[in-house]
Amino acid sequence: MKRSTITSLGLLLMLLLAACTSTGSIAPESPASTTSTISDSSFPSSSESGSGQAADVTIEVFQFTPGELTIQAGESVTWLNSDRIDHTVTSGVPDTPTGRFDMTLPEAGATAVVSFDEPGTYAYFCSIHPHMRGTITVENLS
Ligand SMILES: [Cu+2]
């Protein structure tokens, strides 16, 4: 009776010691590996955006930049999506699209080009995020 109590006490001590050593060896490793994973994934994403595309209007952080652009008749406008989500370049305003152009730029780096031959003011927006608006003013060649 007494011997079995001693044996189970010894087993308990061994289990406690084993538990202490295993948690002690895991703890210092996990914070270090988490930190390196975060910095590894954030570095390539910031360097990817410099693709060298010649864009007239950049779509970035839910905005057309510049929001107002003036060109000469016969010139074209290139839009570049720098966000990692879909945007559209849709002619008109959200309630009344003109149907002149409606392009989806599905990812970062996607571009769309529209040429403007007729002078005038062309409003456009993003049909996914209607608060995103822009204007192209086409001036007559003189
Ligand atoms: Cu959008």
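Each value, and the rule that gives it
Residues numbered from 1 in each chain as written. Predicted model: local features only at pLDDT ≥ 70, side-chain atom pairs only at ≥ 80, totals over all residues. Pairing = 2+ DSSP bridges. Helix = DSSP H or I, 4+ residues; strand = E, 2+ residues; numbered from the N terminus. Axes fitted to C-alpha atoms, helices over the stretch in contact; angles between N-to-C directions. Core = buried A, V, L, I, M, F, W, Y, C linked by C-beta atoms within 7 Å. Buried ≥ 20, exposed ≤ 12 C-beta atoms within 10 Å, placed from the backbone. Contact = placed C-beta atoms within 7 Å.

1. Observations regarding the sheet that holds strand β2 (residues 64-65)
Strand order in this open sheet of four strands is β2-β1-β4-β7, and the pairing throughout is mixed. Two strands bound the open sheet, and with one partner strand each, they are β2 and β7 (111-115). Note: strand β1 (residues 57-59) against β2, two bridges, orientation antiparallel. Directly across from Thr58, in β2, lies its bridge partner Thr65.

2. Digging into the sheet that holds strand β3 (residues 68-72)
Spatially, five strands are ordered β3-β9-β8-β5-β6 in an open sheet, and the strand pairing comes out mixed. Both edges of this open sheet fall to β3 and β6 (96-105), since each of them pairs with a single strand only. Each strand axis lies, on average, 25° off the axis of its neighbour in the sheet, ignoring direction.

3. Things to note about the nonpolar core
Counting 17 residues, the largest nonpolar core has Trp79 and Ile136 as its most contacted members. Of all elements in the fold, only β1, β4 (76-81), β8 (120-125) and β9 (133-139) reach the threshold of two or more residues within this core. Apart from residues lying up to four places away in sequence, Ile136 is in contact with Leu69, Ile71, Val77, Phe116, Tyr122 and Tyr124.

4. Re the environment of Ala123
Within the fold, Ala123 resides in strand β8. Remark: the alpha-carbon pair of Ala123 and Arg133, spanning ten residues in sequence, is separated by 7.4 Å. The residues contacting Ala123, other than those within four sequence positions of it, are Gly92, Val93, Arg133 and Thr135.

5. Brief notes about the pairing of β9
Residues of β9 alternate between two faces, with Gly134, Ile136 and Val138 buried on one and Arg133, Thr135, Thr137 and Glu139 left unburied on the opposite face. Here five bridges tie β3 to β9, and the two strands are oriented parallel to one another. Bridge pairing links Gln72 to Glu139 in β9. Where β8 meets β9, six bridges bridge the pair, whose relative direction is antiparallel. Bridging from a neighbouring strand, Gly120 pairs with Val138 of β9.

6. Describing the environment of Val61
Secondary-structure assignment places Val61 in the loop between β1 and β2. Sequence separation between Val61 and Ile85 is 24 residues; the distance between their C-alpha atoms is 9.8 Å.

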